[in-house]
Amino acid sequence: MASFTLHGIPVSRGIAIGRAHLLAPAALDVKHYLVAEEHVEAEVLRLQTALATVHRELQTLWNELPKDAPTELGAFIDVHALILSDPMISEAPLDIIRSRHYNAEWALVTQIEELSAQFDEIEDTYLRERKVDIQQVAERVLKKLMGSEPLAAARPATLDADDDEVMAQMVVVAHDISPADMLKFRDRSFIGFVTDVGGQNSHTAIVARSLDIPAAVGVAQASTLIEQDDWVIIDGDAGVVIVSPSPLVLQQYRDRQLAAQRARKKLSKLKKTPAVTQDGTAVTLLANIELPDDCGPALEAGANGVGLFRSEFLFMGRAADMPSEDEQFEQYKRAVTAMKGRPVVIRTLDIGADKPLDPTEHTALNPALGLRAIRYCLSEPQLFLTQLRAILRASAFGKLRILIPMMAHAHEIDQTLAMIELAKAELREANVKFDAVVDVGAMIEIPAAALALPMFVRKLDFLSIGTNDLIQYTLAIDRVDYEVAHLYNPLHPAVLQLIAMTIAAGHKAGIDVAVCGEMAGDVKLTRLLLGMGLREFSMHPAQLLSVKQEILNSDMNLILPQTRKIMRSMDPDVIADAVAALHATPPL
Ligand code: PEP
Ligand code: MG
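Thresholds, definitions, all that
Within any chain, residue numbers begin from 1 and follow the written order of that chain's sequence. For naming, the first written chain is A and the first written ligand is 1, with later ones following in the order written. This being a predicted model, a pLDDT of at least 70 is required before a residue's local features are given, and a value of 80 or more before pairs of side-chain atoms are given or counted; all residues contribute to the totals for chains, interfaces and linings. Values reported for side chains reflect all heavy atoms of the structure, with hydrogen atoms and water molecules removed beforehand. Sodium, potassium and calcium take a 3.2 Å donor cutoff, other metals 2.8 Å, and in both cases only N, O and S atoms count; water is not among them, so sites may look incomplete. Helix and strand definitions follow DSSP, with helices as H or I runs of at least four residues and strands as E runs of at least two, each counted in order from the N terminus. Working definition: with a 1.4 Å probe on protein chains only, accessible area under 20% of the residue-type maximum means buried, over 50% means exposed, and in between means partly exposed. Identification of polar contacts relies on pairs of N or O atoms within 3.5 Å, with a donor-acceptor requirement for protein atoms, meaning one able to donate a hydrogen and the other able to accept it, and with residues adjacent in sequence counted only if both atoms are side-chain atoms. Should DSSP find at least two bridges between two strands, the strands are regarded as paired. Crossover handedness is defined by viewing with both strands directed away from the observer: a clockwise path from the first strand over the helix to the second marks the crossover as right-handed. Contact criterion: two residues are considered in contact whenever any of their non-hydrogen atoms come within 4.5 Å of each other. Whether a residue is near a molecule or strand depends on its heavy atoms: it is near if one of them lies within 4 Å of it. Where accessible areas are quoted, they stem from the Shrake-Rupley method and a 1.4 Å probe; at the residue level, only the protein chains shown are allowed to cover. Under the scheme applied here, ten amino acids are nonpolar (Ala, Val, Leu, Ile, Met, Phe, Trp, Tyr, Cys and Pro), four are charged (Asp, Glu, Lys and Arg), and all others, including Gly, are polar.

(A) How the structure looks around the coordination of the magnesium ion (ligand 2). For the magnesium ion (ligand 2), every protein donor is listed as Glu445 (OE) and Asp469 (OD), and the spread of their distances is 2.0 to 2.1 Å. Taken together, the positions of glutamate 445 in the loop between strand 13 (439-444) and helix 18 (447-450) and aspartate 469 in helix 20 (residues 467-475) put the pair 24 residues apart, joining distant regions of the chain. Look at glutamate 445 and you get buried, because its relative accessible area is 2%. Looking at aspartate 469, the relative accessible area reads 2%, which means it is buried.

(B) Summary view of the side chain of glutamate 325. With respect to the helices and strands, the residue glutamate 325 is situated in helix 14 (residues 325-338). In this structure the side chain of glutamate 325 is engaged in a polar contact, spanning 2.7 Å, whose partner is the side chain of arginine 389.

(C) Quick look at the pairing of strand 9 (residues 284-289). Taken across its six residues, strand 9 has five buried, putting it largely inside the fold. Looking at chain direction, strand 9 and strand 16 (residues 536-539) are connected through four bridges and run parallel. Note on strand 16: the bridge partner recorded for leucine 286 is serine 538.

(D) Spatial organisation of the pairing of strand 13. Judged by how many residues are buried, strand 13 sits mostly within the fold: six of six residues are covered. Burial along strand 13 is two-sided: the face carrying Asp439, Gly441 and Met443 and the face carrying Val440, Ala442 and Ile444 are both buried. Examined bridge by bridge, strand 12 (residues 400-404) and strand 13 share four bridges and lie parallel to one another. Its bridge partner being in strand 13, leucine 403 is matched across the sheet by glycine 441. As for the winding sense of the linkage, the β-α-β connection from strand 12 through helix 17 (residues 410-429) to strand 13 is right-handed.

(E) Inspection of the environment of alanine 287 at higher detail. Here alanine 287 shows up in strand 9. Counting along the chain gives 159 residues from alanine 287 to arginine 128, while the straight-line C-alpha distance between them is 52 Å. For alanine 287, the residues in contact, after removing those within four places along its chain, are Ala298, Ala303, Gly305, Val306, Gly307, Leu308, Ser538, Met539 and Pro541.

(F) Representation of the site of ligand 1 within the structure. Lining the immediate environment of ligand 1, one finds 17 residues, of which His203, Arg310, Arg347, Asn468 and Arg479 sit closest. Here an oxygen atom of ligand 1 sits 3.2 Å away from a polar atom, N or O, in the side chain of lysine 355. Between ligand 1 and the protein, one listed contact pairs an oxygen atom with a side-chain N or O atom of glutamate 445 at 3.0 Å. For ligand 1, whose free accessible area comes to 280 Å², the fraction covered by protein is 100%. Among the elements that make up the shell around ligand 1, the one with the highest residue count is helix 20 (three residues). In terms of residue class, the shell around ligand 1 is built from four nonpolar, five polar and eight charged.

Written out as structure tokens, the structure is:
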């Protein structure tokens, strides 16, 4: 097959070389995991059993048809039984389990998607519409499968680096992947991601970055042009996807992969080195986490604490089964104790926009401007109080700070603080321990907040700048929309002014200011942020050591005059060049 290259938006660094595994949207609705070689036949049997059960059910339906039933009904059952017996349904998914090691549900859905695509091409309308019958039959089988636990022998395989090469080299190609679905790939059975849509700072991209898996989004048409099992190279640094590469290109990328691995190994030696610039300016490096398990990589990278625990990841996809106070408490406590005395900033529920609680419910016309984050929490006081109590209870087990997302109005600050007092009063009443002087901070991620800082610094203990949303709302660019991704510019002078103002106002008021948006983990911007006065950076653990290295190689005597010049400019090109030069300059 001829090689071709696709271009998208780089979201997670590194190079992945593997076989494409196309994930149709429906496939995301069923469990998908890989079955270990020795359990494949048991999984095949599970699907065969489900197929046979549906067959028997159809037979019973047919036998029990009342004599006066319309003839169409009998014909309808006949068609379904025929479809079920067709090798395309009764055999092909079994082959998929055997060849690709997919679990039964995933294998069936994959085959149905392929068949559906073939049916879409049929000109005859009547025949084309038989696609619906196939899908109905598949749904019957899926229901049977979902009711049956995987046989003991066919439990999901846990993969590690030494596993079979085929399994360890899968690159997911999909039209889109929701942030919650992305989290399901934490078992690292996939080595890279490519999606047709998405922006650099969409939450899907953020999770890919936190998993430290090379990824490119906004690669328009990728899921149509790339075929199942094609060899694919993802250059996560450039956002380039090379399909069916020539042996020469493949070798070049393998060499680059090796060089990157060596560089990372070298960086790991900095784990215990304090982050101090050459002139002695100390910097705090914190980790962004999605779930308590991420504390492991955070400590591994030498983080001084957690600067952002995105607590909404405990809630996403659980609209019908929200985590209880106790369940939340256990998770927050796990994070706090895992960090062994280092501070943990827990952000209250930031649900909405591209992180819906229920992905099937899309009601708001502009969800990013809608009932999101603190707005949502204040509209659901019981849910908010439950979370606040759970967080406060965890504060008895280590250094914890509460961070509130998306505040813009004075009454939001007041209501939030009142809710926290109420949660404390409830705990006192129940004789439950908590940190009575727990710090409460605000995310500065709406321009209105950055322009009204006195309102915040008077009442709060710390600030954390959410540059992802600050850029989105300042520039009116949807961070998820790849069609406007080229306008999403962290170096826009308006954005830089708002960040600098926030850092200055926080420090003037004597309170901590961190950046926890993606800018904090971008090594090309480290010196600029240092020059603006930033001393607390919070980022994915995978980025931490590179940023530390940049800090160790920096000198404020050089950075400060350059930053002043950059901040005086209103010319985006001049700013971009000056920031690139600042990053590239060796220390004095
Ligand atoms: C931000 O907006 O910069 C931020 C850190 O929060 P999130 O990306 O979760 O919206
Ligand atoms: Mg945000």
